[in-house]
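Structural characterization, general
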Amino acid sequence: MSIYNTAANDGDTTFGQDAIAFTRQKSLERLTPQTFCIFDFEYAYDWDGYDAYRHADNAAGEYNCKWPFHHAVAGAWALITYPPGGSQPLVHNVSVLDARQYDELEMVRAFFGLLDRHPGAVPVGWGTECKEMPTLRRTAATHGLVLPKMLRDSHPHSRDRIDLSNVLKGQGHFVHMPEYAHAVGIPAKPMASKAIGKAVEHGQWDEVREQVLADVLTTAIIANRHLISVARVSGDVYASDATIFAELSAAWPQSRWLNLQNRGWDVHRRGQTRAAHKMAA
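The following refers to the structure shown. No experiment lies behind these values; they were computed from the predicted model shown.

Two elements in contact, helix α6 (residues 177-184) and helix α8 (residues 205-229), have axes separated by 11 Å at closest approach and are oriented at 60°. One way to sum up the angle between α6 and α8 is to call them oblique. Seen from above, α6 lies across α8 with left-handed handedness. Contacts between α6 and α8 involve Met 177, Tyr 180, Ala 181 and Val 184 from the first element and Asp 215, Thr 218, Thr 219, Ile 222 and Arg 225 from the second. Tallied by class, residues from the contact of α6 with α8 come to 5 nonpolar, 2 polar and 2 charged.

Here the focus is α6. Residue pairs spaced three or four apart in an α-helix point in one direction, given the helix's 3.6 residues per turn. Within the sequence span of α6, burial applies to Met 177, Pro 178 and Ala 181. On an axial view of α6, the arc spanned by its buried residues comes to 90°, and they lie on one face. Among the structural elements, α8 are those in contact with the buried residues of α6. Looking at the residues trailing α6, positive phi occurs at Gly 185, about 80°.

With that settled, consider the pattern of salt bridges. Under the counting rule described, the total for this entry stands at 9 salt bridges. We note a salt bridge from Arg 100 to Asp 206, for which the minimum N-O separation is 3.0 Å. A residue pair is termed long-range when its members are at least 10 positions apart, and Arg 100 in the loop between β3 (90-98) and α3 (104-117) and Asp 206 in helix α8 qualify at 106 residues. Relative accessible area serves as the criterion here: at 40%, Asp 206 is assigned to the partly exposed category. As a salt-bridge pair, Asp 241 and Arg 225 come within 3.3 Å of each other at their nearest N and O atoms. On the criterion of sequence distance, the pair formed by Asp 241 in helix α9 (residues 237-250) and Arg 225 in helix α8 is long-range, its members being 16 residues apart. Judged by its relative accessible area of 0%, Asp 241 is buried. A single network of salt bridges, built from pairs that share partners, joins Asp 98, Arg 100, Asp 206 and Arg 209.

Parameters at a glance
Residues numbered from 1 in each chain as written. Predicted model: local features only at pLDDT ≥ 70, side-chain atom pairs only at ≥ 80, totals over all residues. Heavy atoms only, no water. Axes fitted to C-alpha atoms, helices over the stretch in contact; angles between N-to-C directions. Helix = DSSP H or I, 4+ residues; strand = E, 2+ residues; numbered from the N terminus. Parallel < 35°, antiparallel > 145°, perpendicular 65-115°, else oblique. Left-handed = near helix turned anticlockwise from the far one by under 90°. Contact = heavy atoms within 4.5 Å. Nonpolar A, V, L, I, M, F, W, Y, C, P; charged D, E, K, R; others polar. Buried < 20%, exposed > 50% of the residue type's maximum accessible area, 1.4 Å probe, protein only. Arc of directions from axis to C-beta. Salt bridge = Lys/Arg side-chain N within 4 Å of Asp/Glu carboxyl O.

Here it is in structure tokens:
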């Protein structure tokens, strides 16, 4: 046998071993609970600090207050655990924080603490690699916090977390979360995205709180459908949607948008989908 054939066989053997290991890993994932941490933050912009920077170094530059000057004033997150073979997930550890009780450091420390207590949880958001991750790294470095292990890899396509805006678009155009949500019939945004900054400036904390939780809700439902569609978890998409909606709505019962405007949304969606299937048949 020539050296070329031997090398080829060795490569085939290595490839076969890798394939077996991958298959075993995927089988193990289907036999163990899978937990995901859906999260979102809202921010205030430090215009005074940005103006001081421009005066000192870049007065003729563009007027664009970027992420180093963004500070978290509200945060929401929830853990969603998919049991192996279950029809719907378990929603737990739901938190909604705002600046009335917590400053940025306290919010970020609480979020890091959750991830440290659940090291197997995969953080999931929308556009988080562009906004949340840079600000979280800046906050951690500024205040001497240690990033949870799943937040340490700065690669925008890290396997340790999921940015749905990257995963779903592939090579397609970037779209905003409410744009995607409206296209597929998922409730999104009690107020327009551009209005949240004014709500923060005016101290309208109930509205800010509602917005950040609503973003987690929309992200969670998008994530649920994606995870089921790629066979990363198993479950009934309708039952899962309903569970996620009910549990996250209960976290802020004062929310008119969550508990009145969209009540029964998941049941209505199921009826629409079934009707469409019958027409197609």
